[in-house]
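In case you want the letters, here they are:
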Number of protein chains: 2
Amino acid sequence: MNSNTDASRSIKASVPVSLHARTSVEQVEEGRELAPKFDQDGLITCITTDADSGDVLMLGYMNHEALVKTVQTGKAHYWSRSRKTLWHKGATSGLVQEVEEMRVDDDQDAVWLRVRVSGSGASCHVGYRSCFYRCIPVGKEHGAGKELIFTESSKTFDPNLIYGDAPNPTLL
Amino acid sequence: MNSNTDASRSIKASVPVSLHARTSVEQVEEGRELAPKFDQDGLITCITTDADSGDVLMLGYMNHEALVKTVQTGKAHYWSRSRKTLWHKGATSGLVQEVEEMRVDDDQDAVWLRVRVSGSGASCHVGYRSCFYRCIPVGKEHGAGKELIFTESSKTFDPNLIYGDAPNPTLL
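Report follows, based on the coordinates.

About the cut-offs
- Residues numbered from 1 in each chain as written.
- Chains lettered and ligands numbered in written order.
- Predicted model: local features only at pLDDT ≥ 70, side-chain atom pairs only at ≥ 80, totals over all residues.
- Heavy atoms only, no water.
- Contact = heavy atoms within 4.5 Å.
- Buried area = accessible area lost by both parts, 1.4 Å probe.
- Salt bridge = Lys/Arg side-chain N within 4 Å of Asp/Glu carboxyl O.
- Polar contact = N/O pair within 3.5 Å; in protein donor to acceptor, adjacent residues only side chain to side chain.
- Helix = DSSP H or I, 4+ residues; strand = E, 2+ residues; numbered from the N terminus.
- Nonpolar A, V, L, I, M, F, W, Y, C, P; charged D, E, K, R; others polar.
- Pairing = 2+ DSSP bridges.

## What to know about the interface of chain A and chain B
Here comes step 1: Across the contact, 72 residues belong to chain A and 72 residues belong to chain B.
Here comes step 2: Of all residues in chain A, the largest losses of buried area upon contact with chain B belong to F132(A), R134(A) and L172(A), amounting jointly to 12% of the total for that side.
Here comes step 3: At the junction of chain A with chain B, the criterion picks out four salt bridges.
Here comes step 4: R81(B) is paired through a salt bridge with D109(A); the nearest N and O atoms lie 3.6 Å apart.
Here comes step 5: The tally of links from chain A across to chain B stands at 44 residue pairs in polar contact (both at pLDDT 80 or more).
Here comes step 6: If you list the elements that add at least two residues to the side of chain A that touches chain B, you get α2 (25-30), β1 (44-50), β2 (56-62), α3 (64-73), β5 (97-104), β6 (110-117), β7 (134-135) and β8 (149-150) of chain A.
Here comes step 7: Looking at side-chain class alone, the side of chain A that touches chain B contains 32 nonpolar, 21 polar and 19 charged residues.
Here comes step 8: Direction of pairing for β7(A) relative to strand β5 (residues 97-104) of chain B: antiparallel, over a ladder of two bridges. Residue pairing for β5(B): R134(A) is matched across the bridge by V104(B).

## Here's the deal with the sheet that holds strand β2 (residues 56-62) of chain B
Here comes step 1: One open sheet holds the six strands; their spatial order is β8(A)-β7(A)-β5(B)-β6(B)-β1(B)-β2(B), and the pairing between them is mixed. Both edges of this open sheet fall to β8 of chain A together with β2 of chain B, since each of them pairs with a single strand only.
Here comes step 2: Sheet topology places strand β1 (residues 44-50) of chain B next to strand β6 (residues 110-117) of chain B; six bridges connect them, and they run parallel. Paired with T49(B) across the bridge in β6(B) is R114(B).

Structure follows, in structure tokens:
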């Protein structure tokens, strides 16, 4: 990475992101204006998938600032509901998510990120690659007494080494 | 479809689905028991992707009943927040979602369905295949004055013909 790249990035980051007021269903569903609907907590839901495999890696949330930072930098930012802070994914673990493509849904209350993950490629705080590492048997498979089935046989990192004694975001 | 198949389905549907109480972080994250966390509205978030392409088709919500029906039948059921009713996806439009695989995330507050959609293959009430039919330019692409970019050039069905004058679920 040279200083030209850094300079170019800092110029991009300073360009404001236009979020429009929501004025009609037609504008929201059929328009070209980004007019996101944040919920009562000021958050929008974000689905993050692996750009190559299509696997869902995680489900996160963005506030206004996280959405803007993601658009400006091309790196995934979220709002951490457990830590109540802006969360540049990978700042602690090194597992940065480079955004290949970002999409918004019909009523603009959710976004979808297709990402490439640096380092070991993991996105889950438990140590697995995807947060969705267990199957629920359904339909024909249901009824045979099966419970959850693990789809990943080993962890990609040791959460204790990466996160130390930081609080676990999983709540009962 | 013959009567044997119907009988077999009805037996499967009558097998209860065991939802476990949440007793520890280890049980929730590392266990084989399905112990979902429903939010204050009794809902769990559901990401639905196309089993072949990996594209995200929609983001929905399930209550307890919708989750159980999906597991029992292998067909996607949701809770419609706009209509406040159980929603067997495709009951009106014919665009049934057959579940190829169902997964649950680390803290069990979200599920992921990989589905095959019957009929035209659409999952979006606006008429597009995916609800995520518009890109938000990010990073290097951001700053060039671009707004949303459509990724689908035409609709797969006319929503007016399918849904008539039913209320539009998009709220401002």
